[in-house]
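What the coordinates show
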Amino acid sequence: MTATQTIALPLGTYTVDTLHSYAGFSVKHTVVATFRGEFTDIDATLICTDDGIRLEGSVPVGSISIDDQDLRGHLLSPEFFDVVRAPEIHFVSSDIRVDEAGAVALDGELTIKGTTRAVQARGALTGPIVDSYEREKIGLELEATVDRTTYGLNWNMPLPKGGVAVANDVKLTLSLGLLREEA
Amino acid sequence: MLVLGISGSLRRDSHNTALLRAAARLLPRDAELVEFDQLRGLPAFDEDDEAAPAPTVHTLRDALASADAVLIATPEYNSSIPGTLKNALDWASRPRCGAALRDKPAAVIGASTSIFGAVWAQAETRKVLRASGARVLERELPVARATTAFTAGGRLVDRDLEAELRRLLTDLLALVAARDQLPAAA
């Protein structure tokens, strides 16, 4: 693990505040429209030591939430996530750089459908603050774009009037509330 | 002017039947949409029965013959046209000479609960209509997420989509007006 940290972040382990966290994705469909979905069960831990920061997390594919049950079934099928064989999406950072303004540049590895690939994300770290329950809390926002086909999520169909049904580039959006564990 | 409306869905609370009815509200005063509601009763197309088809086939052909234009609202199953609708178009396209669809101005619209709005079924329905000799509008109307696409009063929620449907109907009626000035389709 390597990391650069210039923001004043108290050392320790931070666990996800699921009530105030979001893991979503968006992708263009029918060329111009945007489809959005999210994973509702988020597990994430951020560990801050003298050596730097490390973020690791996962979501169960089965927690995908969209408002179309037919499409949900399709997304869980082998043409997309293949939830039976690959029930979890996993992420672990390899390098997190935070500047004095809280801007974050992150390198890591993202595993989807059993395939692990390097991914870069950008975002912002806010806090720490002390919340209403006297807990130290930080916020971490990250955004990355991945090509879904590099993970084997290959389904597509040509549209009758040109273009394809779903774009390959998928924007991933992560918004984490993280609570520092008691020492 | 009479427009025959055909919903490709047999379902009681069909989104495509709702779409046809939303279209009917947008027609000008001198035009009327009449629904053909006997798709379920059509037998499977069989060339052996062409000479003396079932009464429902005659009903379909007569309804088409008496209409100035046809407006089809199609759902989409497995990215394609529903079998019942294709079956009706097969009956209406035969016999080739003098078929009810021949030279008939036609337009296709479609609703689905997915994010795509039955675009593949609409394209394939247009293909079938063209092959049947109908004069088919290229314009289409994909209505996606159909479960939330209509108001309680039966209008399209999306006013832009409603305007697009109105334009499609205007084009369809213009096609009727232009048909008599054009040579018959090859």
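Just so we're clear, the structure is a prediction, and the values are computed from it rather than from any experiment.

Some words on the overall build of chain A
Within chain A, the regular secondary structure consists of one helix and 12 strands. In sequence order, the secondary structure elements of chain A are arranged as β-β-β-β-β-β-β-α-β-β-β-β-β. For a compact globule of 183 residues, the expected C-alpha radius of gyration is about 16 Å, and chain A comes in at 18 Å, within 12% of that figure. Dimensions along the principal axes, computed over C-alpha positions, put chain A at roughly 55 × 30 × 30 Å. Relative to its full complement of 183 residues, chain A shows a buried share of 43%.

Remarks on the overall build of chain B
Along the backbone of chain B there are five helices and six strands. What you see in chain B, going N to C, is helices and strands ordered as β-α-β-α-β-α-β-α-β-β-α. The C-alpha atoms of chain B give a radius of gyration of 15 Å, which matches the 16 Å a tight globule of 186 residues would have. When its C-alpha atoms are laid out on the principal axes, chain B stretches across 45 × 35 × 25 Å. For chain B, the residues scored as buried account for 52% of the 186 residues in total. By sequence separation, contacts in chain B at least 24 residues apart represent 77% of the contacts at least 6 residues apart. As presented, chain B carries roughly 8,600 Å² of accessible surface, and 50% of it is formed by carbon and sulfur atoms.

Comments concerning the pairing of strand β1 (residues 2-7) of chain B
Residue and element names in this part refer to chain B. For β1, the tally of buried residues reaches five of six residues, placing the bulk of the element in the interior. For β1 and strand β2 (residues 32-36), the ladder comprises five bridges, and the chain directions are parallel. Residue Leu 2 lies in a different strand from β2, and its bridge partner there is Glu 32. You can see the chain leave β1, run along helix α1 (residues 15-26) and come back into β2, and the turn it takes is right-handed. Relative to strand β3 (residues 69-73), β1 runs parallel, the two being bridged by five bridges. Paired with Leu 4 across the bridge in β3 is Val 70.

Details of the nonpolar core
In terms of nonpolar packing, the biggest core is built from 53 residues, with Leu 46, Leu 55, Phe 81 and Leu 140 of chain A touching the most fellow members. In terms of residues, this core owes the most to one element, strand β11 (residues 136-147) of chain A, which gives five residues. Residues contacting Leu 140 of chain A, with those up to four places away along its chain left out, are Leu 46, Leu 55, Val 104, Ala 124, Leu 125, Leu 174, Ser 175, Leu 176 and Leu 178 of chain A. Listed in part, the 29 residues of the second largest apolar core include Leu 26, Leu 161, Leu 165 and Val 176 of chain B.

What about the layout of surface pockets?
Sizing a probe to match a water molecule and rolling it over the atoms shows the empty space that remains. Size it by volume and the largest pocket reaches roughly 570 Å³. Considering the residues around the largest pocket, the lining is formed by 22 residues, among which Asp 70 of chain A together with Glu 76, Ser 112, Thr 113 and Ser 114 of chain B are closest to the centre. Of all elements in the fold, only α1 (69-76) of chain A together with α1 of chain B reach the threshold of two or more residues within the lining of the largest pocket. Per element, the largest residue contribution to the lining of the largest pocket is three residues, and it comes from α1 of chain A. Split by residue class, the lining of the largest pocket holds eight nonpolar, 10 polar and four charged.

Rules used throughout
- Residues numbered from 1 in each chain as written.
- Chains lettered and ligands numbered in written order.
- Predicted model: local features only at pLDDT ≥ 70, side-chain atom pairs only at ≥ 80, totals over all residues.
- Heavy atoms only, no water.
- Helix = DSSP H or I, 4+ residues; strand = E, 2+ residues; numbered from the N terminus.
- Rg over C-alpha atoms; globule rule 2.2 N^0.38 Å.
- Buried < 20%, exposed > 50% of the residue type's maximum accessible area, 1.4 Å probe, protein only.
- Contact = heavy atoms within 4.5 Å.
- Areas by Shrake-Rupley, 256 points an atom, 1.4 Å probe, with all protein chains shown as cover.
- Pairing = 2+ DSSP bridges.
- Right-handed = clockwise from strand over helix to strand, strands pointing away.
- Core = buried A, V, L, I, M, F, W, Y, C linked by side-chain atoms within 4.5 Å.
- 1 Å grid on protein atoms, 1.4 Å probe; cavity = no way out; pocket = protein on both sides within 12 Å on 5 of 7 lines; lining within 4 Å.
- Points joined across faces, edges and corners; volume = space filled by probe spheres on them.
- Nonpolar A, V, L, I, M, F, W, Y, C, P; charged D, E, K, R; others polar.

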